[in-house]
Amino acid sequence: MEHDETKCLHSGYTPQNGGPGVMPIFQSTTFRFNSTQEIAAVFDDPTKAHIYSRFTNPTVECVEKKIADLENAKAAMCTTSGQAASLISILNLASSGDRILSSSAIYGGTINLFAVTLKKFGIEVDFIDVDADEKEIQAKIKPNTKAIFGETLSNPSLQIMDIEKFAAVANKNQIPLIVDNTFPTPILCKPIDFGADIVIHSTTKYMDGHALQVGGVIVDSGKFDFNNGKFPDFTQPDESYHGIIYTKDYPDCPYIIKARAQLMRDFGCYPSGMSGFLLNIGLETLALRMERYSKNGLQLAEFLNQHPKVKAVNYPMLKDNKYYHLAQKYLKKGASGVMSITLKGDKDETIKFMDKLKLASKEVHVADIRTCVLHPASSTHRQLTNEQLKACGINPSMVRVSAGLENIDDIIKDFEQALL
Ligand code: PLP
């Protein structure tokens, strides 16, 4: 299969002769074997079979294969949230005493995870401006820096990460580049094609698409060479898993096998069969939906951009946007339905405008099938200091807008009346 539309429908699950045409739901915590020996064999090789749904499940496995295929990757592992995906993606590489370098243009929850919670585990995260040049990024790398992290299209500031620039520094320092590709999804951008080693998603957003369930996924390109002396946990026997050597025993995708065998086994934040089934329904229409979100997003952005009460529209597909040139490279098929707008009024007037919207719902969500809006400064980014807010490109008159799949004329009409 070559094209995304086809992969969305057919990757990951092939119906057998006379078998169900739709991917079945394996809603079972456990799996039955004929002999003790067969169970023992799976404990020696975690890829052999499903034994327990805390770390693998046949339905979720189909979804993982589909997402890996869409990202041009070797393997994937689903998690119960995007936060869990971010956390595991880091803990699989870094432990107490290590550092991570992260772009500061990332989701507020990830900033908190990095700056507050990981610190408590002894992992320090350094932040860098997403627009920094290679020399500046290099200057932030220390001998114990174990990965670079960033978002393709940041939430909510919509800054575009020059993936090739960050990949060049990561490569030079023999550390993986992790890219959160939540907003573009693999339909609009495939970070691995630009040099990313690991990709993560909050599948809660466009992938699920219907606001049905929170979820995440970690994707392994299989391209990173861990045999460079910096990652002994990958190259030396894992005593907690019968002496497995991840790079030797699983050369195709040691990163994801280790994440599953060590971290998912211990943390257990794995989705159920039913969750995998629901996520798959979203994925089946992802290619089609991303096209329409991007079309509606651009039309709404153009309308708001010429409105006298709107001070600024931040949408990378607008020609005067700072990231327009990077969008032409990384988001050739569109920039999704997400934008942020800054009104000419103050915080109170901004909130009044939001409350006048009728079709667009006010909710803590984004990248949904229905148009929705949110005031980041008083919600998702509430915990950040003024300095951190500024670093993420947020101000009190800013509204995050997520254009859904309603008819664009109805969406525009709603914004028009709320701006009166
Ligand atoms: N990454 C990005 C870019 C996000 O926007 C979010 C949530 O908004 C997350 C990660 C966290 O995902 P979740 O809410 O599924 O835990």
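This one's a predicted model, so the numbers in the text were calculated from it and none came from an experiment.

Observations regarding the domain arrangement of the chain
Domain assignment breaks the chain into domain 1 (4-282) and domain 2 (287-418). Spacing between the C-alpha centres of domain 1 and domain 2 amounts to 28 Å. Facing the 38 residues of domain 1 at the interface are 41 residues of domain 2. Buried surface at the junction of domain 1 and domain 2, summed over both partners, amounts to about 3,300 Å²; 63% is from carbon and sulfur atoms. Where domain 1 touches domain 2, the interface holds three salt bridges. As a salt-bridge pair, E164 and K329 come within 2.5 Å of each other at their nearest N and O atoms. The interface formed by domain 1 and domain 2 contains 15 residue pairs in polar contact (both at pLDDT 80 or more). Among the elements of the structure, α1 (4-10), α5 (108-120), α7 (163-172) and α8 (185-188) are those that each provide at least two residues to the side of domain 1 that touches domain 2.

Overview of the nonpolar core
If you look at the biggest cluster of nonpolar residues, it comprises 135 residues, and the most contacted ones within it are L300 and F415. Of the residues forming this core, the biggest block, eight residues, is contributed by helix α13 (residues 286-305). When residues are assigned to domains, this core turns out to be shared by domain 1 (4-282) and domain 2 (287-418), each giving three or more. Excluding anything up to four places from it in sequence, F415 contacts L300, F303, L304, F353, L357, A360, T371, V373 and V401.

Here we look at the pairing of strand β6 (residues 198-202)
A large share of β6 lies buried, amounting to five of its five residues. Across the two faces of β6 the burial is the same, with I198, I200 and S202 and V199 and H201 all buried. Direction of pairing for β6 relative to strand β7 (residues 216-220): antiparallel, over a ladder of five bridges. Each residue of the ladder has a partner; that of V199, found in β7, is V219.

Here we look at the site of the ligand
If you check the shell around the ligand, you find 13 residues, and the closest are N155, D180, S202, T204 and K205. At a separation of 2.9 Å, an oxygen atom of the ligand approaches a polar backbone atom of G82. Between D180 and the ligand, the recorded distance is 2.6 Å, taken from a side-chain N or O atom to a nitrogen atom. If the ligand stood free it would expose 390 Å²; the protein chains cover 90% of that surface. Considering only residue class, the shell around the ligand consists of two nonpolar, eight polar and three charged.

Here's the deal with unusual backbone geometry
The omega angle of the peptide bond from N155 to P156 is 5°, so this bond is cis rather than trans. Tracing the sequence through the fold places P156 in the loop between β4 (145-151) and α7. Despite not being glycine, H242 shows a phi value in the positive range, around 55°. Locating H242 in the fold gives a position in the loop between α9 (232-235) and α10 (246-249).

Re the sheet that holds strand β10 (residues 361-362)
Within the open sheet, the five strands sit side by side as β8-β9-β12-β11-β10. Their pairing is mixed. Strands at the two margins of the open sheet, each flanked by one partner only, are β8 (310-314) and β10. Of the strand pairs in this sheet, strand β11 (residues 372-374) and strand β12 (residues 398-402) are connected by three bridges, and their pairing is antiparallel. Along β12, the bridge assignment pairs L374 with R400.

About the thresholds
- Residues numbered from 1 in each chain as written.
- Predicted model: local features only at pLDDT ≥ 70, side-chain atom pairs only at ≥ 80, totals over all residues.
- Heavy atoms only, no water.
- Domains from an automatic or database assignment.
- Contact = heavy atoms within 4.5 Å.
- Buried area = accessible area lost by both parts, 1.4 Å probe.
- Salt bridge = Lys/Arg side-chain N within 4 Å of Asp/Glu carboxyl O.
- Polar contact = N/O pair within 3.5 Å; in protein donor to acceptor, adjacent residues only side chain to side chain.
- Helix = DSSP H or I, 4+ residues; strand = E, 2+ residues; numbered from the N terminus.
- Core = buried A, V, L, I, M, F, W, Y, C linked by side-chain atoms within 4.5 Å.
- Buried < 20%, exposed > 50% of the residue type's maximum accessible area, 1.4 Å probe, protein only.
- Pairing = 2+ DSSP bridges.
- Near = heavy atom within 4 Å.
- Areas by Shrake-Rupley, 256 points an atom, 1.4 Å probe, with all protein chains shown as cover.
- Nonpolar A, V, L, I, M, F, W, Y, C, P; charged D, E, K, R; others polar.

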